[in-house]
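For reference, the chains in residue letters:
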Amino acid sequence: MAKVTLSNLIKDYRDGKNQPVRAVNEINLEIQDREFMVLVGPSGCGKSTTLRMIAGLEEISDGSITIGDRVINTILPKDRDIAMVFQNYALYPHMSVYENMAFGLKLKKYPKPEIHQRVQDAAKILGITELLERKPKALSGGQRQRVAVGRAIVRKPKVFLFDEPLSNLDAKMRVGMRTEISKLHARLATTMIYVTHDQIEAMTMGDRICVMKDGNIMQVADPLTIYDTPANMFVAGFIGTPPMNFLHGTLRKKDGKVVFIEDNPENKPITFTLNEILSRRGADYIDRKIVFGIRAEEINDLLTVTNPNPETTVEARVEISEPMGSETYLYLDSGAHSFTARVNSSDKFAINSSIKINFDLTKAQLFDPESEEVLR
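Summarised in this report is the structure supplied together with it. Small disclaimer: the values here were computed from a predicted structure and weren't measured.

**Quick notes on helix H2 (residues 97–107)**
Quick reminder: α-helices carry 3.6 residues per turn. Residues three or four places apart thus point the same way.
Okay, step 1: Within the span of H2, buried status applies to Val-97, Tyr-98, Asn-100, Met-101, Ala-102 and Leu-105.
Okay, step 2: Phi for Lys-109, located one or two positions after H2, is positive at around 60°.

**Remarks on unusual backbone geometry**
Excluding glycine, a negative phi dihedral is what most residues carry, and trans is how most peptide bonds are arranged.
Okay, step 1: Look at the link from Thr-241 to Pro-242: it is a cis peptide, with omega at -10°.
Okay, step 2: Turning to its location among the elements, Pro-242 is positioned in the loop between helix H8 (233–238) and strand S11 (245–254).
Okay, step 3: A positive phi angle, close to 60°, is found at Asp-81, a residue other than glycine.
Okay, step 4: Secondary-structure assignment places Asp-81 in the loop between strand S5 (70–71) and strand S6 (82–85).
Okay, step 5: The class for Asp-81 is partly exposed, based on a relative accessible area of 29%.
Okay, step 6: Of note, the phi angle at Ala-189 is positive, near 50°, even though the residue is not glycine.
Okay, step 7: Along the chain, the position of Ala-189 falls in the loop between helix H5 (171–188) and strand S8 (191–196).
Okay, step 8: For Ala-189, a relative accessible area of 34% gives the class partly exposed.

**Some remarks on the sheet that holds strand S16 (residues 313–323)**
Okay, step 1: Here five strands make up an open sheet; going across it, the order is S15-S19-S16-S17-S18 and the pairing antiparallel. With one partner strand each, in any of the chains shown, strand S15 (299–301) and strand S18 (338–344) form the two edges of the open sheet. Each neighbouring strand pair of the sheet contributes to a mean axis angle of 50°, computed without reference to strand direction.
Okay, step 2: As paired strands, strand S17 (residues 327–333) and S18 are joined by seven bridges and run antiparallel to one another. Residue pairing for S18: Tyr-331 is matched across the bridge by Thr-340.

**Observations regarding the packing of aromatic side chains**
Okay, step 1: By the definition in use, this model includes twelve aromatic pairs.
Okay, step 2: Taking 6.4 Å as the distance between ring centres and 20° as the angle between the ring planes, the aromatic pair formed by Phe-160 and Phe-162 counts as stacked.
Okay, step 3: By relative accessible area, which is 3% here, Phe-160 ends up buried.
Okay, step 4: Ring geometry for Phe-339 against Phe-359: centres 6.3 Å apart, planes inclined by 75°, an arrangement best described as edge-to-face. Of this pair, Phe-339 sits in strand S18 while Phe-359 is found in strand S19 (residues 354–359), placing the two residues 20 residues apart along the sequence.
Okay, step 5: Counting every residue linked through ring pairs, the aromatic cluster contains Phe-260, Phe-272, Phe-292, Phe-339 and Phe-359.
Okay, step 6: Sitting above the plane of the Tyr-13 ring, Lys-11 keeps its charged end 5.1 Å from the centroid.
Okay, step 7: Over the face of the ring belonging to Tyr-227 we find Arg-295, whose NZ or CZ atom lies 4.0 Å from the ring centre.

How each quantity is defined
- One numbering rule holds for all chains: residues counted from 1, following each sequence as written.
- Confidence filtering applies because this is a predicted model: local features only for residues at pLDDT of at least 70, side-chain atom pairs given and counted only at 80 or more, and all residues used for totals across whole chains, interfaces and linings.
- Here the side-chain values reflect all heavy atoms present in the structure, with hydrogen atoms and water set aside.
- The cut-offs for exposure are 20% and 50% of the maximum accessible area for each residue type, with area from a 1.4 Å probe on protein chains only; residues under the lower value are buried, those over the upper are exposed, and the others partly exposed.
- Numbering goes from the N terminus for both helices and strands, where a helix is a DSSP run of H or I of at least four residues and a strand is a run of E of at least two.
- For two strands to count as paired, DSSP must find a minimum of two bridges between them.
- Here the axes come from fitting lines to C-alpha atoms, over the contacting stretch only for helices, and the angles between their N-to-C directions go from 0 to 180 degrees.
- Note on ring pairs: Phe, Tyr and Trp rings are taken, using the six-membered ring of Trp, and paired if centres are within 6.5 Å. Classes follow the plane angle, with under 30 degrees stacked, over 60 edge-to-face and the rest tilted.
- Here, a charge over a ring is recorded when the distance from Lys NZ or Arg CZ to the ring centre is within 6 Å and its angle to the ring normal is within 35 degrees.

Shown next as structure tokens:
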């Protein structure tokens with residue numbers, strides 16, 4: 001079993017003034033055997049530090065890390081039965097691809113025939129057999145990354161660790177390598193922990209996603225759950241392109257219904273009626289401030305809506321129209337808030353024009369403005 005368990009894991013540093021800084025704050029996480037877990041978050045959130053503690057490259061301040069049934073806190077990196085792929089490839093420039101991939105096995109004194117077989121098998125899986133005699137300087141960035149992955153594969157570890165391995169590649173190559181790593185996980189059927197700041201990588205690759213901020217875990221769930229039911233405003237704003245729109249306002253009771261009224265004292269505020277589900281969630285927030293969250297694809301221009309609900313139809317001004325090929329992003333202004341709609345590319349909208357849009361509230365969310373937690 002290659003289940004990885006982080007229990008009350010803490011990492012403290014000292015800054016330039018010798019003051020304590022907490023990089024990882026007592027996190028608990030279970031990564032199941034053969035699972036592809038993605039740690040995602042902005043720079044400085046603690047995701048790479050967590051990965052490096054699992055690898056043994058950072059000392060643990062407190063807590064424990066278990067792989068299988070073995071606590072590895074004090075075990076040397078080379079004895080943890082893990083393999084790590086770095087963002088800078090870390091290949092030996094004077095060695096051939098074959099020698100780079102075989103180097104770790106030679107250090108462990110594996111028999112030459114077994115080394116040869118493992119290197120050939122890994123090269124075949126990654127499609128780099130014809131590159132085995134080349135030096136790293138003769139390879140493209142994508143080829144170097146494949147070699148770095150191959151060097152990990154030949155060791156047949158219990159756990160693979162990836163530290164932002166695609167960050168040095170161009171956009172097209174990143175898409176291709178994302179697919180290759182996902183295929184590799186399915187083929188090897190082993191535990192993989194992958195760190196990235198790119199939420200698209202997280203959404204497309206992970207069995208589950210662990211979203212981190214300031215050394216804390218914000219939410220752990222499968223990609224669709226993270227996207228559709230975020231636990232708080234940070235997750236809702238970080239996951240998704242474009243991010244979730246947030247409108248600040250107040251809930252009022254009107255004619256037996258719950259109405260959201262935007263905070264917009266100088267202009268005509270956006271006002272719409274909540275559906276039954278959101279009304280129940282916001283029942284304790286009548287006459288109180290609240291944050292309404294809705295994704296861009298749930299804001300529709302009236303040209304594409306059959307029988308639009310007048311109670312969820314509002315008006316806004318077009319600031320920018322951004323064609324994206326099959327769809328267009330409209331950056332809208334209500335007077336108090338800017339928000340984004342994702343609409344059909346065939347519909348054209350003039351800059352500064354006023355348009356009517358309809359909110360689809362099926363997956364909309366309400367958040368407490370102070371705690372920023374979602375209302376359930």
